[in-house]
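This is what each chain is made of:
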Amino acid sequence: MLLHQGYVELYHHGFLHIKSAALLCAVGLGIPSAIHRCGGEATISDLAVKTGVHPAKLSYLRRLMRALASFGIFDTDSRKPDDTDGSSVVYTLTPVSRILVNDGDMSPLLRLLARPATSVSTFFAMEAWFRDGGATTLFEMVHGGVPPWSLTKNDASYNEAMNDACAVDSGFSMDAMLEEVGGKGIFHGLTSLVDVGGGHGAAAMAIARAFPHVKCAVLDLEQVISKAPGSASDGTVQFIAGDMFESIPPANAVFLRHVLDCWDDDHCVKILGQCKRAIPTRDAGGKVIIMNLVVGYGPLENVVKETQVLFDMYMMRYGGAEREEQEWKKIFLEAGFSDYKITPILGFQSIIEVFP
Ligand code: SAH
């Protein structure tokens, strides 16, 4: 029995790359939006018509949908007893496919996570990287020594993929976070905030909408700020091109969402040192607000635990890390901060308030 269990699991793990590729394919074909446009339920032939799948591929589309339904990406009603080819099966949306429908579409995030050149292919070089004694990151090894934040400068399509993914991810999670108990309270009492490494400003805009009296700014690299659609708009959020290792504009609070996990401990201490210079004392309301994972925090379901460690490996290829509480504490103290408070949010992430 045990031997069989291992045998099935070996097949299962060996096939997992097909799972994210099948999901990418469904998104590329526009299947979640097609189901939505059909009123929330669609048969295989409805889907073929709406997505432009060739009629010769109907039976293959049924097999793709059967696989995706078994992963929980779509739901199905029960098949009619006399249905031999699955044509009567009706597909509906589930929580994960619902956020891949056109409006509020999270597909740019999926496209970045499973992007062949900058994500998938890098992991196939992992074995060689482990054998190498140099300080080169896995990402740099695969990209001719170029780190991700230089590649965004040289490769317009990677820059766009990165900025679009960050915009939908931070917009979605900030709106959800600001609705959660405890989420909104974190920003109470602030008069100004700078979102460092804030991409195209989706998080800063969400904060500015929820707290119109807070003066919000975004600091990011020139290649990111120059492409930000918001940078030319109404001025509710100020966009600043610059390098966070050199200086951070002064504010009540510095916000860092998915920034510190891109870097090793030494770089994090340097970034946090610049943050400390930008904010006032704790008594004057100064703090750094970090939105990231704290590995081990959050619900204990397997999907949460696995997502946290996969996230860590995803950042490991940059030379970054997802950290446990003790690892965070070490860099906070080293950067001269005195205290911190962790609030778990959104199922698998956390907000860490760090006080000078
Ligand atoms: N905060 C956003 C983006 C996170 S990705 C979000 O949560 O979606 C990390 C961001 O850090 C990128 O936008 C990248 O351009 C920016 N970044 C990297 N190096 C930087 C530097 N030296 N100075 C300022 N921003 C930097």
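What counts and how
Per chain, the residues get numbers from 1 upward, laid out in the order the sequence is written. Only residues with pLDDT of at least 70 are given local features in this predicted model, and only at 80 or more are side-chain atom pairs given and counted; all residues enter the totals for whole chains, interfaces and linings. Excluding hydrogens and water, the side-chain values take into account all heavy atoms of the structure. What we call a nonpolar core is a set of buried Ala, Val, Leu, Ile, Met, Phe, Trp, Tyr and Cys residues that are connected through their side-chain atoms within 4.5 Å. Exposed residues in this analysis have more than 50% of their type's maximum accessible area, buried residues have under 20%, and partly exposed residues fall in between, with area computed by a 1.4 Å probe over protein chains only. Here a strand is any run of E in DSSP of at least two residues, a helix any run of H or I of at least four, and the numbering for each starts at the N terminus. We call two residues in contact when some of their heavy atoms are within 4.5 Å. In this text, near means that some heavy atom of the residue lies within 4 Å of the molecule or strand in question. A 3.5 Å cut-off defines polar contacts: any pair of N or O atoms within that distance qualifies, except that in protein one atom must be a possible hydrogen donor and the other a possible acceptor, and neighbouring residues in sequence count only when both atoms are side-chain atoms. Values of accessible area rely on a 1.4 Å probe in the Shrake-Rupley scheme; residue burial ignores everything except the protein chains shown. Where a domain begins and ends is set by an automatic assignment or by a domain database. Summed over both partners, the accessible area lost on bringing two parts together, with a 1.4 Å probe, is the buried area. Throughout, the ten residues Ala, Val, Leu, Ile, Met, Phe, Trp, Tyr, Cys and Pro are labelled nonpolar, Asp, Glu, Lys and Arg are labelled charged, and all others, Gly among them, are labelled polar.

(A) The arrangement of the nonpolar core in detail. Core analysis: the largest hydrophobic core is formed by 44 residues, its most contacted members being Val-254, Leu-256, Leu-272, Val-288, Ile-290 and Phe-332. Examining the composition of this core, we find that six residues originate from one element, helix α15 (residues 265-278), more than from any other. When neighbours within four sequence positions are excluded, Val-288 is seen to be in contact with Val-254, Leu-256, Leu-272, Cys-275, Ile-279, Phe-337, Ile-352, Glu-353 and Val-354.

(B) Structural context of the side chain of Ser-97. In this fold, Ser-97 is placed in helix α6 (residues 95-98). Those residues in contact with Ser-97, other than ones at most four positions away along the chain, are Pro-32, Ile-73 and Phe-74.

(C) Molecular detail of the site of the ligand. Gly-197, Asp-220, Asp-243, Met-244 and Arg-257 are the nearest of the 16 residues found near the ligand. At a separation of 2.6 Å, an oxygen atom of the ligand approaches a polar side-chain atom of Asp-220. In the complex, the protein chains occlude 95% of the 570 Å² of accessible area that the ligand would expose alone.

(D) Expanded view of the domain arrangement of the chain. For the chain, the assigned domains are domain 1 (2-98) and domain 2 (107-355). The centre of domain 1, based on its C-alpha atoms, is set 34 Å off from the matching centre of domain 2. Contact with domain 1, which involves five residues of that partner, is made by four residues of domain 2. Taken over both partners, the interface formed by domain 1 and domain 2 buries close to 420 Å², and the fraction arising from carbon and sulfur atoms is 84%. Across the domain 1-domain 2 interface, the total number found is zero residue pairs in polar contact (both at pLDDT 80 or more). For the side of domain 1 that touches domain 2, the residue count by class is three nonpolar, two polar and no charged.

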